[in-house]
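# Observations on chain architecture
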Amino acid sequence: MCAEPILTVNVGSSSIKLAAVTRDGGVPWRRELRAPEDGGLAGLPAALAQAPAAAAVGHRIVHGGPTRATATEITDRVRADLLGLADLAPLHQPPALAAVDIVRRHCPGLPAVACFDTAFHHDLPAEAARYPLPRAWCERFGLRRFGFHGLSHGYAARRAPEVLGIDSSTTRTVICHLGSGASLAAVLGGRCVDTTMGFTPVDGLVQGTRCGSLDPGLVLWLLDGRGLTRAQVADGLGHQSGLLALAGTADMRAVLRRRAEGDERCAQAVDVYLHRLCASVAGMAAAMNGLDLLVFTGGIGENSAELRAEAAHRLAWLGVAVDELVNTTTVRGADGEISPATAQVRVVVVRAREDIEIAAQTRSVLRARVRTGPTDRPRLSYPAGQQAQASRSA
Ligand SMILES: Nc1ncnc2c1ncn2[C@@H]1O[C@H](COP(=O)(O)OP(=O)(O)O)[C@@H](O)[C@H]1O
Ligand SMILES: CC(=O)OP(=O)(O)O
Ligand SMILES: [Mg+2]
């Protein structure tokens, strides 16, 4: 296998993160662009022009649909299938596929691999995956709880036991991915057994601009004669809710700062955030008959010692505790344990590294391709007049 790095493209709701990741996990090149809805995709060609030569590109694709349990090479057919899932992740899927097209145009011939947020949750037990909805609907529309942030959860599920130097085959872990989008995963011996996001990424925790779990009756009521269009309701739930609605800003740093300055609205926003977070951690623990390890990751989970300490305080009844000094100093990209030696539940901070996970999954697709030969399906077709570079994946 070649030694060139893998180019990783992570189109999230609040940023576009690019990295070149070497085989040993080094990152010789990294760029962050604005969110897709703030025009971040327009900066992609210029960023790509500065990227080092790569063996392949791995794209984070939020929704893989019901059948995709692993990463896959992006052919025209795969791309079309993924576009068909756009209304299940409207904030993420269309811009991620637009990024696929931009990279394809600027790096013709570079093998492209889709790495799915949903794949980590593919084998959720039926009790966690099924909706108690009419069976005919579930079968006709493929309704199930999919779960998201799987690239981050998958990385953290491996990294946290590594930080502690433990064998995790029976460890009951709850991973808190707290970024702009936020979700929890209950991981038992490496397998995901429950998660807070369901059919779409709007579900679950309070998020930057998304409402999280709601009474479906409320949505029906809003749609029924309240003078709101479907588009207005969708925009309200996806773009105008969450921290933004509660506190007036979706940026947790600003919410915490204003709370410290005495802003009542921000104080209440943090209370609602923590109330939902801690109730959901307890729900995840219940799915595993207990809790041994709690992991914080994502921009908020990695950096806000304040929020971690408050969450731990609320979860003390479950045996969660943090060491005040170690907690305060474990920020800005440091991975480490923050619980005291006596704690019943160990608490670890892990920097979200979707780039490492994407690169690893992409390399494993390339390896399979070398073993079995290139896919017999046509790969992504290239615009006329553009000479495809020789594939550098071997
Ligand atoms: N020091 C900090 N304290 C509290 N929140 C923080 C801090 N640093 C970053 N955040 C929050 O992290 C969130 C973004 O998380 P991140 O994982 O980078 O987002 P994305 O979902 O775009 O990948 C924002 O709400 C931001 O305010
Ligand atoms: C799935 C999801 O919510 O992703 P992000 O946090 O990037 O918005
Ligand atoms: Mg993210």
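These figures come from a predicted structure and were not determined experimentally. (Residues numbered from 1 in each chain as written. Chains lettered and ligands numbered in written order. Predicted model: local features only at pLDDT ≥ 70, side-chain atom pairs only at ≥ 80, totals over all residues. Heavy atoms only, no water.)

## Some remarks on the packing of aromatic side chains
- Scanning the model with the defined rule gives 1 aromatic pair in all.
- One Lys or Arg, Arg226, reaches over the ring of Trp221 and ends 3.8 Å from the middle of that ring. (Phe/Tyr/Trp six-rings, centres within 6.5 Å; stacked < 30°, edge-to-face > 60°. Lys NZ or Arg CZ within 6 Å of the ring centre and 35° of its normal.)

## Here's the deal with the site of ligand 2
- As a matter of local geometry, ligand 2 sits amid Gly12, Ser13, Arg60, His92, Asp117, Phe148, His149, Gly181, Met197, Pro201 and Arg210.
- Taking His92, its side chain carries an N or O atom lying 2.7 Å from an oxygen atom of ligand 2.
- Here ligand 2 loses 93% of its free accessible area of 260 Å² to cover by the protein chains.
- For the shell around ligand 2, the per-class residue count stands at 3 nonpolar, 5 polar and 3 charged.
- Residue assignment places the shell around ligand 2 across two domains, with domain 1 (6-116 + 354-372) and domain 2 (157-349) each supplying three or more. (Near = heavy atom within 4 Å. Polar contact = N/O pair within 3.5 Å; in protein donor to acceptor, adjacent residues only side chain to side chain. Areas by Shrake-Rupley, 256 points an atom, 1.4 Å probe, with all protein chains shown as cover. Nonpolar A, V, L, I, M, F, W, Y, C, P; charged D, E, K, R; others polar. Domains from an automatic or database assignment.)

## A short note on the pairing of strand 7 (residues 172-178)
- Counting buried residues along strand 7, 6 of its 7 residues qualify, which places the element largely inside the surrounding structure.
- With 7 bridges joining them, strand 7 and strand 8 (residues 182-188) adopt antiparallel strand pairing. Bridge assignment links Leu178 to a residue of strand 8, and that residue is Ala182.
- As consecutive antiparallel partners, strand 7 and strand 8 are separated by 3 residues.
- Pairing geometry for strand 7 and strand 10 (residues 293-297), over 5 bridges, is parallel. Within strand 10, the position partnered with His177 by the bridge is Thr297. (Buried < 20%, exposed > 50% of the residue type's maximum accessible area, 1.4 Å probe, protein only. Helix = DSSP H or I, 4+ residues; strand = E, 2+ residues; numbered from the N terminus. Pairing = 2+ DSSP bridges.)

## Here's the deal with the domain arrangement of the protein chain
- Under the domain assignment used here, the protein chain contains domain 1 (6-116 + 354-372) and domain 2 (157-349).
- Look at where the C-alpha atoms of domain 1 and domain 2 centre, and you get two points 26 Å apart.
- Counting residues at the interface gives 11 residues for domain 1 and 10 residues for domain 2.
- Counting the surface lost from both domain 1 and domain 2, the interface buries some 720 Å², and carbon and sulfur atoms represent 51% of this.
- Counting the surface domain 1 buries against domain 2, the share from its top three residues, Leu88, Leu91 and Glu357, is 51%.
- One can count 1 salt bridge joining domain 1 with domain 2.
- We note a salt bridge from Arg158 to Glu357, for which the minimum N-O separation is 2.3 Å.
- Counting across the interface, domain 1 meets domain 2 through 4 residue pairs in polar contact (both at pLDDT 80 or more).
- The residue makeup of the side of domain 1 that touches domain 2, split by class, is 4 nonpolar, 4 polar and 3 charged. (Contact = heavy atoms within 4.5 Å. Buried area = accessible area lost by both parts, 1.4 Å probe. Salt bridge = Lys/Arg side-chain N within 4 Å of Asp/Glu carboxyl O.)

## Some points on the pairing of strand 4 (residues 56-61)
- Within strand 4, 6 of the 6 residues are buried, which leaves it mostly tucked inside the rest of the structure.
- A two-sided burial pattern is seen for strand 4, the buried positions comprising Ala56, Gly58 and Arg60 on one face and Val57, His59 and Ile61 on the other.
- Summarising the sheet, strand 1 (residues 6-11) and strand 4 pair through 5 bridges and their orientation is parallel. When the sheet's bridge partners are listed, Thr8 is paired in strand 4 with Gly58.
- By the bridge criterion, 5 bridges tie strand 4 to strand 6 (residues 112-116) in an arrangement that is parallel. When the bridges of strand 6 are listed, Arg60 appears paired with Cys115.

## Some details on the site of ligand 1
- In the vicinity of ligand 1, 16 residues are found, and the nearest of them are Ser14, Lys17, Asp251, Met252 and Gly299.
- One nitrogen or oxygen atom from the side chain of Ser15 is found 3.3 Å from an oxygen atom belonging to ligand 1.
- Contact between ligand 1 and Met252: an oxygen atom at 3.0 Å from a main-chain N or O atom of the residue.
- Protein contacts shield 79% of the accessible area of ligand 1, which totals 580 Å² for the unbound molecule.

## Description of the sheet that holds strand 4
- On the basis of which strands lie adjacent, the open sheet formed by 6 strands has the order 3-2-1-4-6-5 and mixed pairing. If you trace the sheet from one side to the other, it starts and ends with strand 3 (29-33) and strand 5 (72-73), each paired once.

## Looking at the environment of Trp137
- Considering the arrangement of structural elements, one finds Trp137 in helix 5 (residues 135-141).
- For Trp137, a relative accessible area of 45% corresponds to the partly exposed category.
- Apart from the residues within four sequence positions on either side, Trp137 is in contact with Gly142 and Leu143.

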